[in-house]
Amino acid sequence: MGAIQLKTPVPGPRSQALAQRREAAVPRGLSHATPVYVARAEGAILEDVDGNRFIDFAGGIGCINMGHRAPGVVKAIQEQTDRFLHTCVQVTPYESYVRLAERLNALTPGKFPKKTLLVNSGAEAVENAVKIARAYTKRPGIIAFEDAFHGRTMMTLSLTSKTHPYKAGFQPFPGEVYRIPYAYCYRCSYSLKYPSCDLYCARHLEDTFKRVVAQEGVAAVIAEPVLGEGGFVAPPLDYFQTLIEICHKHNVLFIADEVQSGFGRTGALLACERYGIEPDIIVMAKSLGGGLPLAAITGRAEIMDAPGPGGLGGTFAGNPVSCEAALVVLDQFERESLNDRANELGEIFQKRAREWQRRWPIIGDIRGLGAMQAMELVRSTETREPAAEETRKATEYCYEHGVITISAGSYGNVIRLLMPLVITNDQMDEGLAVLEEALRTVCGAKDQLAESVIGR
Ligand SMILES: Cc1ncc(COP(=O)(O)O)c(C=O)c1O
């Protein structure tokens, strides 16, 4: 029997009843990608309150790379709950915090001495990375990218690019944030093509220092190695090296936001490894905690030590239950070939998606690194007009037929895949079959052999 089992139309009656209660009790600003209320989850499968089973291609937005309820993670959590839940590391510290810091210092790229700070969420980690970079350089400016997403707190909203629904109405944001185009080759801001562009967008940082903000006023450049919410854009493999060289030439730090791209998603523990780069500061969260809230900032020791005692912290930051879960996540990366599996999953998707692209010109771009894969849907292969409504319909078709997918992109026209890396080949095939039907449906069932649009 397949993994998908739908006992009721989706959403079922229990999910619908909960949605009604939710409407009265929870602000509408908290939106849901699906109307499905979850009862339990295991591996790559979610079961809702109506007994429907779904294949999970979203993984809690990239937090479940190890699978739902990964057995080692659950055991470590249970054992820690038998010992103690919370003391506040700033009052009475515990060993697991120190051990996790040591492990992350050793595992992250760069042989130089490092230190790690633990906090609760991706946004909190980015906030702290900015504080630390400013304290070290004694400069205020931060350069971020178009299509970047770094969180929903005020500083991270300032760094985040997409206006609706994230930024609009929440101004004013903290200042000294400057924005430059990312290496989004499908929509190149300079209408150039890689590799003949010679990485113009990276080299353009020199120009930014002349025309936008002086380098001596810039603490750091912050970038996602692969854009997450911005649509799973993976820059050319030599892009970040060029960018970092320019940063270091001007004593500007480079911060990698690996919140979504980390922990096996791109076929390496961190996407930075795929690019062969050693950031000054790396921000991690999501799958680090194996399903529990946890985030880390790891960086060069002298940079991390810039803020004085008491300048960093938070009541629940690095709580002991999450630390134990994260230590098991790291063990599993050392023991199991999860990175290889991520690459296999990426290849399975790419092979299938290339066939779809030959049939349906709506698939403008297929891209990704490892299992961080996506399709960008367009109304016209000539104009590349974003197909946001079609993307919404395709994701709706998916959950109505037993697969949870989520969209992304500044134009909301990207379908991204964040399935747990423990998904089986059968589950992957079954999920992709539903996605194929979703695309067939939004394409009006016309199997056009679109030879003319290939090779764009
Ligand atoms: C790259 C990136 N940075 C930061 C964040 C914010 O993380 P959180 O939602 O845990 O605050 C996200 C969330 O999706 C992200 O993808």
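Preceding block: the structure.
If you're wondering where the values come from, they're calculated on a predicted model, not measured in any experiment.

1. Here we look at the side chain of R416
Locating R416 in the fold gives a position in strand β15 (residues 414–417). Here Q260 takes part through its side chain, which lies 2.8 Å from a polar atom of the side chain of R416. Polar side-chain contacts of R416 include one of 2.9 Å to the backbone oxygen of S407. Sequence-distant contacts of R416, defined by excluding residues within four places in its chain, comprise F57, I61, G228, E229, F232, Q260, Q373, A374, I406, S407 and A408.

2. Considering empty space enclosed by the protein
Scanning the entire structure with this criterion turns up one cavity of 30 Å³ or more. Considered as a void within the structure, the largest cavity measures approximately 40 Å³ in volume. D147, A148, F149, T160, K162, Y166, E229, G230 and S410 are the residues that line the largest cavity. Of the residues in the lining of the largest cavity, the class split is three nonpolar, three polar and three charged.

3. Let's talk about the sheet that holds strand β14 (residues 406–408)
Spatially, β11-β12-β15-β14 is the arrangement adopted by the four strands of the open sheet, whose pairing is antiparallel. Because the sheet does not close on itself, it has two edges, and the strands there are β11 (363–369) and β14. Strand-to-strand twist of the sheet, defined as the mean angle between neighbouring strand axes without regard to direction, takes the value 30 degrees. Looking at chain direction, β14 and β15 are connected through three bridges and run antiparallel. Of the residues in β15, the one forming a bridge with S407 is I415. Against the sheet, helix α13 (residues 338–359) makes contact with β11, β12 (372–377) and β15, and its axis sits at roughly 170 degrees relative to β11, the strand it touches most.

4. Considering the environment of K131
Along the chain, the position of K131 falls in helix α5 (residues 122–137). In contact with K131, not counting residues within four places along its chain, are G311 and L312. In this structure the side chain of K131 is engaged in a polar contact, spanning 3.0 Å, whose partner is the backbone oxygen of G311.

5. What to know about the site of the ligand
In the vicinity of the ligand, the residues found are S121, G122, A123, F149, H150, G151, E224, E229, D257, V259, Q260 and K286. Separating a nitrogen atom of the ligand from a side-chain N or O atom of D257 is a distance of 2.7 Å. A distance of 2.8 Å separates an oxygen atom of the ligand from a polar side-chain atom of Q260. Looking at side-chain class alone, the shell around the ligand contains three nonpolar, five polar and four charged residues.

6. Thoughts on helix α12 (residues 320–335)
The first and last C-alpha atoms of α12 sit 23 Å apart over 16 residues, in line with the 22 Å expected at 1.5 Å per residue. Of all 16 residues in α12, 13 are buried; the element is thus mostly enclosed. Two to three positions downstream of the cap, the backbone nitrogen of V321 sits 3.0 Å from a side-chain oxygen, assigning the N-cap of α12 to N319.

7. So, the pattern of salt bridges
Under the defined criterion, the tally for this structure stands at 25 salt bridges. Sharing partners across several salt bridges, the network here consists of R352, R359, E436, E437 and R440.

8. Describing the pairing of strand β3 (residues 53–56)
Regular strands show a simple pattern: their side chains alternate between the two faces of the sheet. In this sheet, β3 lies alongside strand β2 (residues 45–48) in antiparallel orientation, the contact comprising three bridges. The residue bridging L46 from the neighbouring strand is F54, located in β3. Alignment of β3 against strand β13 (residues 403–404), held across two bridges, turns out to be parallel. Bridge pairing in β13 places I55 opposite V403.

Thresholds applied
Residues numbered from 1 in each chain as written. Predicted model: local features only at pLDDT ≥ 70, side-chain atom pairs only at ≥ 80, totals over all residues. Heavy atoms only, no water. Helix = DSSP H or I, 4+ residues; strand = E, 2+ residues; numbered from the N terminus. Polar contact = N/O pair within 3.5 Å; in protein donor to acceptor, adjacent residues only side chain to side chain. Contact = heavy atoms within 4.5 Å. 1 Å grid on protein atoms, 1.4 Å probe; cavity = no way out; pocket = protein on both sides within 12 Å on 5 of 7 lines; lining within 4 Å. Points joined across faces, edges and corners; volume = space filled by probe spheres on them. Nonpolar A, V, L, I, M, F, W, Y, C, P; charged D, E, K, R; others polar. Pairing = 2+ DSSP bridges. Axes fitted to C-alpha atoms, helices over the stretch in contact; angles between N-to-C directions. Near = heavy atom within 4 Å. Expected span 1.5 Å × (residues − 1). Buried < 20%, exposed > 50% of the residue type's maximum accessible area, 1.4 Å probe, protein only. Salt bridge = Lys/Arg side-chain N within 4 Å of Asp/Glu carboxyl O.

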